[in-house]
Amino acid sequence: LIKFFVFSCNICCIFLAFCSLYKSFVSILNQKTVKTTIHINGVGLHTGIEVEMKILSSDPNTGIVFKRTDLKKNNIIIPSIFNVINSALCTTVSNEFGTKVSTIEHLMCAMYGMGIDNALIEINSEEVPIMDGSAKNFIDLILKSGFKVSQTPIKLIKIENKVTIEQGSKYITIDRSRVSLDIDFEIKYSNPFIGTQRNKINVYEDDLADIYNSRTFCLYEDVEQLKKMGLAKGGSLANAIVVKDKQLLNEGGLRNELEFVNHKILDCIGDLYLCGYKIIGSIKCSQGGHSLTNQLLREVFKDKSNFSIFELKEKSLPHSFINKYQLKLTA
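Source: prediction; values computed, not measured. Each chain has its residues counted from 1, following the order in which its sequence is written. Per-residue local features are limited, in this predicted model, to residues with pLDDT of at least 70; the limit for side-chain atom pairs, both in listing and counting, is 80 or more; totals at the level of whole chains, interfaces and linings are taken over all residues. No hydrogens and no water enter the side-chain calculation; it runs on all heavy atoms of the structure.

Draft legend 1. Looking closely at helix α6 (residues 259–272). In this description a helix means any DSSP run of H or I spanning at least four residues, a strand means any run of E spanning at least two, and both kinds are numbered starting from the N terminus. To estimate how far a helix should extend, the number of its residues minus one is multiplied by 1.5 Å. The first and last C-alpha atoms of α6 sit 20 Å apart over 14 residues, in line with the 20 Å expected at 1.5 Å per residue. Of all 14 residues that make up α6, 14 are buried, and the element is covered over most of its length. Partly exposed residues are those whose accessible area sits between 20% and 50% of the maximum for their type, while under 20% is buried and over 50% is exposed, using a 1.4 Å probe and protein chains only.

Draft legend 2. Seen up close, unusual backbone geometry. In this structure, T103 takes a positive phi of about 55° despite not being glycine. Looking at the element boundaries, T103 is found in the loop between β8 (100–102) and α2 (105–114). A positive phi angle, close to 55°, is found at M131, a residue other than glycine. Within the fold, M131 resides in the loop between β9 (119–123) and α3 (136–145). Residue classification places M131 among the partly exposed positions, given a relative accessible area of 22%.

Draft legend 3. Main features of the packing of aromatic side chains. The rule is short: rings of Phe, Tyr and Trp, with Trp giving its six-membered ring, pair when the centres are within 6.5 Å, and they are stacked under 30 degrees, edge-to-face over 60, tilted in between. For the coordinates displayed, the defined rule picks out six aromatic pairs. Between F193 and F260, the aromatic rings sit 6.1 Å apart at their centres with planes inclined by 90°, giving edge-to-face as the arrangement. Here the residue F193 occupies a position in the loop between β14 (181–188) and β15 (196–202), and F260 occupies one in helix α6, the gap between them amounting to 67 residues. For F193, a relative accessible area of 30% gives the class partly exposed.

Coordinates in, geometry out; function isn't part of it.
As structure tokens, then:
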């Protein structure tokens, strides 16, 4: 009798665990938003202005939307690849009325990485706060908020044809991939401290902690020029890595050995999300940045044969999605 009771309990536990796993598994297929409102305060890297920002939950199929609360009309901005008006040093998007929001790439990377399909971002200034120069703070706040899962299936963009953009020694290319988004990124600096770095990641399967934690960076000799251009007014060693000759000026050193190239990958992920959906494809880039990524996406979407958009309605998904998003849904 005791053995039968223990056996029955074990069966019940297995059944309950299976039900929990199945519920989480199915929810991976569905669009998500933040569960509670996220409040963020910080300074704009280039404007130097104190910013108040909120990330609010939003309905399925509304996407990521910015709302300038300091303006009473014409204040809605869609972060689309075709709305990018400036990609020098950061990504700036605008609506048809000239209302803009800039330095959106770190926040967009966090949205992509955390699987946030829909959100309303209210902001009382033209620049997203730089926080610590990485996506780490945004990631932490999204995880603290939790996720609200809808009944609407997620959408994916699958790359069908290879597309390449070249600018001298710089290039970026995107090609087909079976189930993943692979990014192979290389940087080359004459500065001996930075030098040449390269890293390759699978966005849906790898641990991206080092990517999210990697900070924006610049050379010491460029700081004064940026100031003369009216930029980097909010920049400091608290939100950017500064390199002078062979020396890092920040106390505490680098957060990871490949922090420079990892930050470029962070930017790339954020800029890719301006297409509106997660991507199945393979990217290879050398010495690229915001501008090159935006040019690539514009070229991809010029021809409908380059991509396909589909919903995941079936009860199956590549293991790379399961491995990553299962952890977030149960966090």
